[in-house]
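Coordinates in review
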Amino acid sequence: MPSLLEDEIRSQPAVVARLLETQLPAIEALAATLPPFRYALIAARGSSDHAALYAKYALGALAGYPVALAAPSLSTLYGASPRQEGALVVGISQSGQSPDIVAVVEEGRRQGCPTLALTNDPGSPLAAAAGNVIDISAGPERSIAATKTYTGELVALAALAACWSGDARHARLDELRTLPSALDAALAAAFAAVPLDGEELRAMERVVVVGRGYNFATASEIALKLKELTYGMAAAYSAADFRHGPIATVEAGSQALLIMPSGRAYDDMLALAGELREREVELAVISDEAEALGLAHLPMPLGGAGTPEWLSPVTAVVAGQVLALRLAEAKGLAPDAPRGLRKVTRTV
């Protein structure tokens, strides 16, 4: 019988389709009516912080808005109130319960900034604190590790970036609407590629996870899933930052997971893959490029061919979710109840 987590992972095409059907008109209206701002200041934790990292690239590349990531502890630990003039202050939280995220949005509103909450609970404290709310409409997430709420956050942020992309707006929104079918293909490819059991899975105890550009967020989220579900060590890096020191940690027999869909970042990721192969590093690769998959000990073809790079984090992350799920199962762990974790985490 599939775990609750597997059910949640498999539900993502339907979740994204529902979000686009029920919430996209409201997101378009919100994007058109928000007061002017110069940059976005985003407060988030955990998986939601990785969605915020995606926003740095999506809002920056498509809409031209710089994105800064807030330090929520400034408010709750240090009692500081950094100046937020010119900001759209955004809180991202699946539960909307964390006091430190709420505090950043409350302070933004006190300073007269436009404020926005992205949450799976429109009745949450975060939603109450914000002047505007996007309901990611994922439904109750029954397993502890975030999957469908993360992809919901990505899609909501992608929709905002598309709405603010000027003359490319209609084309970007059309691309966004292809995501449910692309996710269907991505899930089918991931479940077919990742073995149900095997030494190659159980041996994955220390992994570097590398992406670049839009998919640095994907690397960060997959590394978190591996840690949450398998209790192994997984460290996420941008390919550029990885070369600035951490690459010294890999040697023959080390393991790396590379997220490298086609797009602007592909050539750099391919060069890194070749360098790691020369060092006899064992590679797992998530890609839609046969050349990249051919370098891998564990190739994970990225379904949804034709998905543009700016949306590839939505489809690429599901392969990592499936990998973490199968690895947990291969180790005899309980993917629905990772030790030490709760569904709602309230940090102050």
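Preceding this paragraph is the structure being described.
The structure presented is a predicted model; accordingly, all values stated were derived computationally and were not measured. (Residues numbered from 1 in each chain as written. Predicted model: local features only at pLDDT ≥ 70, side-chain atom pairs only at ≥ 80, totals over all residues. Heavy atoms only, no water.)

1. Some points on the pairing of strand β6 (residues 206-211)
Burial runs high along β6: 5 of the 6 residues are buried. In the sheet, β6 pairs with strand β7 (residues 233-238) via 6 bridges, with the strands oriented parallel. Of the residues in β7, the one forming a bridge with V209 is A236. Assessed by its sense of winding, the connection that carries the chain from β6 through helix α11 (residues 216-230) to β7 is right-handed. Where β6 meets strand β8 (residues 255-259), 4 bridges bridge the pair, whose relative direction is parallel. Across the sheet, V207 pairs through a bridge with Q255, a residue of β8. (Buried < 20%, exposed > 50% of the residue type's maximum accessible area, 1.4 Å probe, protein only. Helix = DSSP H or I, 4+ residues; strand = E, 2+ residues; numbered from the N terminus. Pairing = 2+ DSSP bridges. Right-handed = clockwise from strand over helix to strand, strands pointing away.)

2. Focus: the pattern of salt bridges
Following the criterion strictly, the structure yields 16 salt bridges and no others. Here E28 and R169 are joined by a salt bridge, their closest N and O atoms 2.8 Å apart. Pair noted here: E28 is in helix α2 (residues 12-33) and R169 is in helix α8 (residues 169-176), with a separation of 141 residues, a long-range link. R169 gets classed as partly exposed once you look at its relative accessible area, which sits at 24%. R172 is paired through a salt bridge with E175; the nearest N and O atoms lie 2.8 Å apart. Here E175 and R172 lie together in helix α8, a separation of 3 residues that amounts to about one turn. Members of the salt-bridge network, linked through shared partners, are E6, R10, R326 and E329. (Salt bridge = Lys/Arg side-chain N within 4 Å of Asp/Glu carboxyl O.)

It is worth stressing that arrangement in space is one thing and function is another; only the former is reported here.
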